[in-house]
Amino acid sequence: MKRTSLIYSFNPQALRAAGRAEAPVDITLKELARLGVPARKARRTLQELRTLVAADPALGERKTLLALAVQIADRLP
């Protein structure tokens, strides 16, 4: 295996979050679908919400999380 293929095979998000406990988010994939978040973006949106709540627990309110979920999904590729 070439060195470059080894480097590019790692998931940078997984390496960045290694050793961190994920913050609980009480939003499900079905709720994201009701908000209009496409299925291909739903898991990444939940991951970003967990990261935000871990950084600032004040964002853990349900109403705030739902508003942030829509904004995050709009910005994801």
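Sequence order sets the numbering: in each chain, residues are counted from 1 along the sequence as written. pLDDT decides what is reported in this predicted model: residues at 70 or higher carry local features, side-chain atom pairs at 80 or more are listed and counted, and totals for whole chains, interfaces and linings draw on all residues regardless. Side-chain metrics in this entry use all non-hydrogen atoms of the structure; hydrogen atoms and water are not considered.

This paragraph deals with the overall build of the protein chain. Helix and strand assignments come from DSSP, with helices taken as H or I runs of at least 4 residues and strands as E runs of at least 2, each series counted from the N terminus. Scanning the protein chain for helices and strands turns up five helices and zero strands. Moving toward the C terminus, one meets the helices and strands of the protein chain in the order α-α-α-α-α. Buried means the residue's accessible area, taken with a 1.4 Å probe over protein chains only, is under 20% of the maximum for its type, while exposed means over 50%, and partly exposed covers the values in between. Going through the 77 residues of the protein chain one by one, you find that 26% of them count as buried. Computed with a 1.4 Å probe, the accessible areas rest on the Shrake-Rupley method; for each residue, only the protein chains presented here act as cover. Here the protein chain displays about 5,900 Å² of accessible surface, and carbon together with sulfur accounts for 57% of that area.

Okay, helix H4 (residues 39-55) next. In a helix, the anticipated span is given by 1.5 Å times the number of residues less one. The first and last C-alpha atoms of H4 sit 25 Å apart over 17 residues, in line with the 24 Å expected at 1.5 Å per residue. For H4, the full list of buried residues reads Lys 41, Ala 42, Thr 45, Leu 46, Glu 48, Leu 49 and Val 53. Contact between two residues is taken to exist if any of their heavy atoms lie within 4.5 Å; hydrogens are not considered. Of the surrounding secondary structure, the elements contacted by the buried residues of H4 are helix H3 (29-35) and helix H5 (62-75).

Take the environment of Ala 42 next. Its location among the elements puts Ala 42 in helix H4. By relative accessible area, which is 6% here, Ala 42 ends up buried. For Ala 42 and Thr 28, which are 14 residues apart along the polypeptide, the C-alpha to C-alpha distance reads 9.2 Å. Setting aside chain neighbours within four positions, we find Ala 42 in contact with Leu 29, Leu 32 and Val 37.

To continue, consider the pattern of salt bridges. When the charged atoms of two side chains with opposite charge come close together, those side chains can pair. In the sections that follow, a salt bridge refers to a side-chain nitrogen of Lys or Arg positioned within 4 Å of a carboxyl oxygen of Asp or Glu. Under the definition given, this model contains three salt bridges. With a closest N to O distance of 3.8 Å, Arg 62 and Asp 26 form a salt bridge. Taken as a pair, Arg 62 in helix H5 and Asp 26 in the loop between helix H2 (12-16) and H3 lie far apart in primary sequence, 36 residues in all. Take Asp 26: its relative accessible area is 46%, and that puts it in the partly exposed class. A salt bridge links Arg 62 to Glu 31; the nearest nitrogen and oxygen atoms lie 2.2 Å apart. Of this pair, Arg 62 sits in helix H5 while Glu 31 sits in helix H3, placing them 31 residues apart in sequence. Taking the relative accessible area as the measure of exposure, Arg 62 reaches 33% and is therefore partly exposed. Shared partners join several salt bridges into a network, and the residues in it are Asp 26, Glu 31 and Arg 62.

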